[in-house]
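# Results of the structural survey
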Amino acid sequence: MNAKLLMIFAAAVFLSGCRSLSEPEQAVLPDGLYLPRDTGKAGQGSTFYFTHDFRGARVHGTGAYRYRLVLMHPVTHDHVMPNQPYALSHSSINLPFVPEEKDVFQGVTDSQGRTEVFAFEHPVDPKGWNLRQRTGKGPFGEQMVIRDFNKQPFQGVEYALVVCGKKAHVYRGLTDRLGQAAYVASPKPANILLYAPLLDEKPKWQETLREECAERGRH
């Protein structure tokens, strides 16, 4: 792409729709627990995979159908993301163990990049999970997606997110295969700015975004 990609967005935080990131099969284990197949590694382009290693994990929910995911790097997919704040949602069901109306579970991966365990009374479509990195915490949330000029998800774009407040919070990352930036959570509604230059651009993005955040706070 020849033209420079430069996008700045501002919005009150809210949750956007979710999409699938992987397509594992369902499997039945001898002990009666029903789990997605343990893929052991991420599929082509996937940013997570399923594991059956439940040792030491907290279980959320009840039922025989259990899921545990491992978060991968959003671009290279070649290593796990340990001790990483994450957001987890599903495209077709409400998560019964999430009290907030946004229906997004917020957690932190362990030292091996694994989430907690999530249990259900009935089978859950494994293709509907959306696991991604998160910044901030709270019941309000926003999922921003970067697309190219053909409206296709733009993977591997370096971006900066700013959550406006008394002190602007800046988070930098790379978009995943769905063009998703990190999920932004906050304790109250806030303006969020997204600045996405090309990787070879080196603008003074911190100064630019903080000035924009301050300007919006005056309106």
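Because the structure is predicted, anything quoted here is derived from the model rather than measured.

Enumeration over the complete set of coordinates arrives at five salt bridges. Between D53 and R55 there is a salt bridge whose closest N-O contact spans 2.7 Å. Given a relative accessible area of 18%, D53 falls into the buried group. One salt-bridge network, in which partners are shared between bridges, spans D53, R55, R68, D110 and R114.

This part takes up the layout of surface pockets. Space inside the largest pocket adds up to approximately 400 Å³. Lining the largest pocket we find 22 residues, and of these V163, C164, G165, K166 and A190 sit closest to its centre. Examining the composition of the lining of the largest pocket, we find that four residues originate from one element, helix α1 (residues 205–217), more than from any other. Counted by class, the lining of the largest pocket contains ten nonpolar, seven polar and five charged residues.

Turning to empty space enclosed by the protein, a few remarks are in order. Within this structure, the stated rule accounts for one cavity of 30 Å³ or more. Quantified by volume, the largest cavity comes out at close to 90 Å³. Around the largest cavity sit 14 residues that line it, and P74, R132, Q133, L174 and D176 are the ones nearest its centre. Top contributing element to the lining of the largest cavity by residue count: strand β11 (residues 129–135), with three residues. For the lining of the largest cavity, a count of residues per class yields eight nonpolar, four polar and two charged.

Conventions we followed
Residues numbered from 1 in each chain as written. Predicted model: local features only at pLDDT ≥ 70, side-chain atom pairs only at ≥ 80, totals over all residues. Heavy atoms only, no water. Salt bridge = Lys/Arg side-chain N within 4 Å of Asp/Glu carboxyl O. Buried < 20%, exposed > 50% of the residue type's maximum accessible area, 1.4 Å probe, protein only. 1 Å grid on protein atoms, 1.4 Å probe; cavity = no way out; pocket = protein on both sides within 12 Å on 5 of 7 lines; lining within 4 Å. Points joined across faces, edges and corners; volume = space filled by probe spheres on them. Helix = DSSP H or I, 4+ residues; strand = E, 2+ residues; numbered from the N terminus. Nonpolar A, V, L, I, M, F, W, Y, C, P; charged D, E, K, R; others polar.

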